[in-house]
Amino acid sequence: TAADAHTSPVPVEAELQWEALRILTELVQPEMVRVPQHIVALLAPPSIRFERTGGDFATMTAPIFDPLFAATAAVRCVVEPALEPNRLNRLRMAHDATGAPAPAELLETLLGAASVQGDPLHEEIRRVVLTVAVGAVRSGVLHAIVERELRGALHAHLGSGDEVLLDALAHLSAPLPPL
């Protein structure tokens, strides 16, 4: 029967987890998500009387294409599943069993992709990673050790200009800033 064929989950070897983390980090590098300027120039705003539909790509510079928003949307496609609270709990279990990256190491590595100051895209990548991580901490789903380690990593990275995220991290009732 199907029940007889059921096997318990087995943690992935640490080397494969570290390799996956390296690949994830490549996916959120600015060079990977930045829309090339020659492509941006081809993306004209909609013509007059053209109505947008729910299927249109959202933008923060309506009605023109927003390359920064497009790049951060791509980053969110990687970061949100990577920092999903249940996954972070499983990652901590794998870390304990095999030496796979701990959740705080995952966060630190993703933040390393946003380490260049002054570039708007780096700053947006950093904001996305931090906001998603604060959301994971606030989820109420993380094991206590995972929450504590992520809080420590977040406090190390949150500074001036991050008051809204610091407040959200400190007060569970504080709203998260929009992405």
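First, a word on what this report is: a plain description of the structure on this page. All values reported here derive from a predicted model rather than from experimental measurement.

Conventions and cut-offs
- Residues numbered from 1 in each chain as written.
- Predicted model: local features only at pLDDT ≥ 70, side-chain atom pairs only at ≥ 80, totals over all residues.
- Heavy atoms only, no water.
- Helix = DSSP H or I, 4+ residues; strand = E, 2+ residues; numbered from the N terminus.
- Contact = heavy atoms within 4.5 Å.
- Areas by Shrake-Rupley, 256 points an atom, 1.4 Å probe, with all protein chains shown as cover.
- Buried < 20%, exposed > 50% of the residue type's maximum accessible area, 1.4 Å probe, protein only.
- Expected span 1.5 Å × (residues − 1).
- Arc of directions from axis to C-beta.
- Axes fitted to C-alpha atoms, helices over the stretch in contact; angles between N-to-C directions.
- Left-handed = near helix turned anticlockwise from the far one by under 90°.
- Nonpolar A, V, L, I, M, F, W, Y, C, P; charged D, E, K, R; others polar.
- Core = buried A, V, L, I, M, F, W, Y, C linked by side-chain atoms within 4.5 Å.
- Salt bridge = Lys/Arg side-chain N within 4 Å of Asp/Glu carboxyl O.

### Let's talk about the overall build of the protein chain
The secondary structure content of the protein chain amounts to 10 helices and zero strands. Secondary structure of the protein chain in N-to-C order comes out as α-α-α-α-α-α-α-α-α-α. Taking the intrachain contacts of the protein chain between residues at least 6 apart in sequence as the baseline, contacts between residues at least 24 apart amount to 64%. Carbon and sulfur atoms form 61% of the exposed surface of the protein chain, whose accessible area is close to 10,400 Å².

### Observations regarding the environment of valine 137
Tracing the backbone through its elements, the reader meets valine 137 in helix 8 (residues 120-138). With 54 residues separating them in the primary sequence, valine 137 and leucine 83 have C-alpha atoms 9.7 Å apart.

### Comments concerning the environment of valine 28
Mapped onto the elements of the fold, valine 28 is located in the loop between helix 2 (14-27) and helix 3 (30-33). When its relative accessible area of 0% is taken as the criterion, valine 28 is described as buried. For valine 28 and leucine 111, which are 83 residues apart along the polypeptide, the C-alpha to C-alpha distance reads 9.5 Å. Once you skip the residues sitting within four places of it in the chain, valine 28 turns out to touch Val75, Val78, Val79, Leu110, Ala113 and Ile125.

### Regarding helix 9 (residues 144-157)
With 14 residues, helix 9 ought to run about 20 Å at 1.5 Å a step, and its terminal C-alpha atoms sit 20 Å apart, in line with that. Turning to helix 9, its buried residues are Val146, Leu150, Ala153 and Leu154. One face of helix 9 carries all of its buried residues, which in axial projection span an arc of 100°. Residues of helix 9 that are exposed and angled more than 90 degrees away from the buried face: Ala144, Arg148 and Ala156.

### Points about the packing of helix 5 (residues 67-82) against helix 8
Helix 8 packs onto helix 5 with a crossing angle of 35° between their chain directions and a minimal axis gap of 10 Å. Two packed elements cross with a definite hand, and for helix 5 against helix 8 that hand is right-handed. Residue-level inspection shows Leu68, Ala71, Thr72, Val75, Arg76, Val79 and Glu80 of helix 5 in contact with helix 8, the latter providing Pro120, Leu121, Glu124, Ile125, Val128, Val129 and Val132. Each residue belonging to the contact of helix 5 with helix 8 can be placed in one class, and the counts come to 10 nonpolar, one polar and three charged.

### What about the nonpolar core?
What tends to happen in soluble globular proteins is that the nonpolar side chains get buried as a cluster. Core analysis: the largest hydrophobic core is formed by 35 residues, its most contacted members being Leu83, Leu88, Leu107, Val129 and Leu154. Ranked by residue count, the leading element in this core is helix 8, at 10 residues.

### Description of the pattern of salt bridges
A full pass over the atoms with the stated rule returns eight salt bridges. Here arginine 22 makes a salt bridge to glutamate 19, at a shortest N to O gap of 2.4 Å. Within this pair, arginine 22 and its partner glutamate 19 are both found in helix 2, separated by three residues, close to a single helical turn. Exposure remark for arginine 22: the relative accessible area of 39% places this residue in the partly exposed category. Residue classification places glutamate 19 among the partly exposed positions, given a relative accessible area of 34%. A salt bridge links glutamate 147 to arginine 151; the shortest N-O distance between them is 3.1 Å. Of this pair, glutamate 147 and arginine 151 both sit in helix 9, four residues apart, which is roughly one turn of that helix.

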